[in-house]
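Structural overview
The lines below spell out each chain.
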Amino acid sequence: MAGSATTRARWARVEGAAELFTPAFLDYLLSLHDRFAPRIRELLARRAEALDQALRQGRPPTHPPASVATTGHWKVPPVPDDLRKPGIEISGPCSITPMFINALNPGPEGERAEGDLDDDEDSGGHRLIDTVRAAHNRSAAIHRELHYFDRERNKEYKIVEGELPFFMHRERGLHLEEPDVTIDGAPVNAAILGTALTLFYAGRAQAERGQGIYFYLPKLEFAPEAHLYRDLFDASRERLPWLESATIRAVVLVEALPCVYEMEQMLYELGPYAAGLNAARWDLKASIFEYVMTNPKSVWPDRFGVDIKTTPFLADIFRRLVAICLKRGAAPIGGMATALPSSDPEVNRVAAEAIRADKEWEARQGFIRAWVAHIFHMKTAADPFKKLIASGWKPTPEMANPDNYPVRIDVPQGPITVEGTRRNCRMLIEYVEGWLNGRGAKSIDSLAGRPGVHPALMEDLATGRMSVAQIAQRIRHRVPPTEGPADVHDVALVKRLLQEEVEDILARAKPDAPGQARYRKAMKIAMRWIKNYAELDFRSLGSYTRADLERIAAGPEAL
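Each value, and the rule that gives it
- Residues numbered from 1 in each chain as written.
- Predicted model: local features only at pLDDT ≥ 70, side-chain atom pairs only at ≥ 80, totals over all residues.
- Heavy atoms only, no water.
- Axes fitted to C-alpha atoms, helices over the stretch in contact; angles between N-to-C directions.
- Helix = DSSP H or I, 4+ residues; strand = E, 2+ residues; numbered from the N terminus.
- Parallel < 35°, antiparallel > 145°, perpendicular 65-115°, else oblique.
- Contact = heavy atoms within 4.5 Å.
- Nonpolar A, V, L, I, M, F, W, Y, C, P; charged D, E, K, R; others polar.
- Salt bridge = Lys/Arg side-chain N within 4 Å of Asp/Glu carboxyl O.
- Buried < 20%, exposed > 50% of the residue type's maximum accessible area, 1.4 Å probe, protein only.
- Left-handed = near helix turned anticlockwise from the far one by under 90°.
- Core = buried A, V, L, I, M, F, W, Y, C linked by side-chain atoms within 4.5 Å.
- Pairing = 2+ DSSP bridges.

Moving on to the packing of helix α19 (residues 513–534) against helix α20 (residues 546–554). Between α19 and α20, the least distance of the axes is 8 Å, while the angle of their chain directions is 100 degrees. Relative to α20, the element α19 is oriented roughly perpendicular. Touching Lys521, Lys524, Ile525 and Arg528 of α19 are Leu549, Glu550, Ile552, Ala553 and Ala554, all from α20. Among the residues forming the contact of α19 with α20, the class breakdown is five nonpolar, no polar and four charged.

Printed below as a string of structure tokens:
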């Protein structure tokens, strides 16, 4: 398209942006935009059509026809040694500098994580300032120059000596736009922007040091979307000389129902960039909810009771993922341990037991690594993988056959309770308050004040999405509880729960006036998000600008 980068591109003047949006970077960004933006629109239209077929025609996703991707004798290229390491990856927002530095440093036992999932997606703030900070922080970390001084706490954060974890970059997904960066007056695709920034800056620093440039690819649904990333990486190699011989590899996050049926095709379409598959949890469950939202026979029990290990059809999806990786020479990565440390030793003990059991199960299924949300539980989460692999244990031939684990989507066993809905409501209010405060991840105890031992969890956009989807499903089908109070789930009940929970939060936390205002706004935004889902509008919270959210908070209640 005619026109220079400086005339076609515009961006909000947030701190640090001018240093990144140079003429050379903008030329590169525009080349990707012109080539891939129309294709992304076509891919998103296919997603919308598939969802419509499921919701309005009762035709859920299924396996595509057999092809060379499923019948051919191919393997992914040899996976780099970094990505073969057993253990754990620490995950968190790389835009929040002290959190990013802590993730790169050793935990309480003196050990670092094998990898760092530097996230600008589910735990990111989804503002341009977050993406800009993430780009700066990644580059500074690779140069070992990242530091931060917290004046309020009089505390300095810096990277300590020793080998750093390998970096796994996670950008926002194809379904999102960045409204504060426009090309020809239209918002740029967030995945193009984030990937371009990383390859242009952090990627250059990594290539110059001989490091692999590794990505997690979020929210992919159909295999042609993986091929788009292959072409985007190819185009970047052609455009950026430092990438010509660099190692670029990607792991697909299996967090959408259609992707479950196309895992093998995803690896095939990534071609030379394929490295592995990651078994998502909350986003996958949320995606299943969205695809069955109109089916009254698919109502799920309380979400905290649906454990991967004890839910056969979900466990088999995980096993199938491992089998495909074993068959194709890829790396299978497990799920997230979200428990956070407590001042109560008993809470920490209970959390550690649950994490250990979870990761021992994943290791026995053939996963080589998983994720953890905090360095406090890092060794507990890592040891099951390290010890099992060090023992000489090997997956059996049966574990490498995907046909042993056919995909089926069932309704999990378990109770449907008003208290389960209440926990979802509380989580949403707490999470949206954090979002309004610039945080994409937040420590939340959805059982605060209730009896028992329950650690706070690091909740992010995935768990928010799952909570919204479950509440909306129960409203849509006026679901009666299977135990406890007999209130049918309807708008009035959910509105009451939201109001009761915000009052309880405010009474316990006693936040300052701005904090109280955020919680009140969060309740109204949660109402709108729930109503949208109940009406089959599954927009991500990340697709709403802060101005959108302020308008919702200032308007009438949606419920």
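Don't stop here, the text continues.
Taken as a whole and assessed by the stated rule, the structure comprises 57 salt bridges. Between Arg138 and Asp118 there is a salt bridge, with the nearest N and O atoms lying 2.4 Å from each other. Taken together, the positions of Arg138 in helix α7 (residues 128–142) and Asp118 in strand β3 (residues 115–119) put the pair 20 residues apart, joining distant regions of the chain. In this structure, Arg138 and Asp118 share a single accessibility class: buried. Here Arg518 ties to Glu433 by a salt bridge, and the two come within 2.8 Å at their closest N and O atoms. On the criterion of sequence distance, the pair formed by Arg518 in helix α19 and Glu433 in helix α16 (residues 418–436) is long-range, its members being 85 residues apart. On the basis of relative accessible area, Arg518 is assigned to the partly exposed category, the value being 21%. Relative accessible area serves as the criterion here: at 6%, Glu433 is assigned to the buried category. Overlapping salt bridges, with partners in common, bring together Glu419, Arg422, Arg426, Arg450, Asp487, Arg496, Glu500, Glu501, Asp504 and Arg508 in one network.

One can describe the packing of α16 onto helix α18 (residues 491–509) by two numbers: an axis separation of 9 Å at closest approach and a directional angle of 55 degrees. Relative to α18, the element α16 lies oblique. In this structure, α16 meets α18 at a crossing whose hand is right-handed. Side by side, α16 and α18 meet where Val418, Thr421, Arg422, Cys425, Arg426, Ile429 and Glu430 of the first sit next to Leu493, Val494, Arg496, Leu497, Leu498, Glu500, Glu501, Val502, Asp504, Ile505 and Arg508 of the second. Tallied by class, residues from the contact of α16 with α18 come to nine nonpolar, one polar and eight charged.

Counting 165 residues, the largest nonpolar core has Phe21, Phe25, Leu199 and Leu498 as the members making the most contacts within it. Top contributing element to this core by residue count: helix α3 (residues 23–57), with 13 residues. In contact with Phe21, not counting residues within four places along its chain, are Trp11, Leu26, Leu128, Val132, Val181, Leu193 and Tyr201. One finds Ile101, Leu104, Ala202 and Ala205 within the second-largest nonpolar core, a separate group that totals 15 residues.

For a regular strand, the rule is simple: side chains alternate between the two faces of the sheet. Taken across its six residues, strand β11 (residues 274–279) has six buried, putting it largely inside the fold. With five bridges joining them, strand β10 (residues 248–254) and β11 adopt parallel strand pairing. Within the sheet, the bridge partner assigned to Ala250 lies in β11 and is Ala274.

In this fold, Ile101 is placed in helix α6 (residues 97–104). Relative accessible area serves as the criterion here: at 0%, Ile101 is assigned to the buried category. In sequence terms Ile101 and Val488 are 387 residues apart; their C-alpha atoms lie 47 Å from each other. Residue contacts for Ile101: discarding those within four places in its chain leaves Leu146, His147, Tyr148, Tyr157, Lys158 and Ile159.

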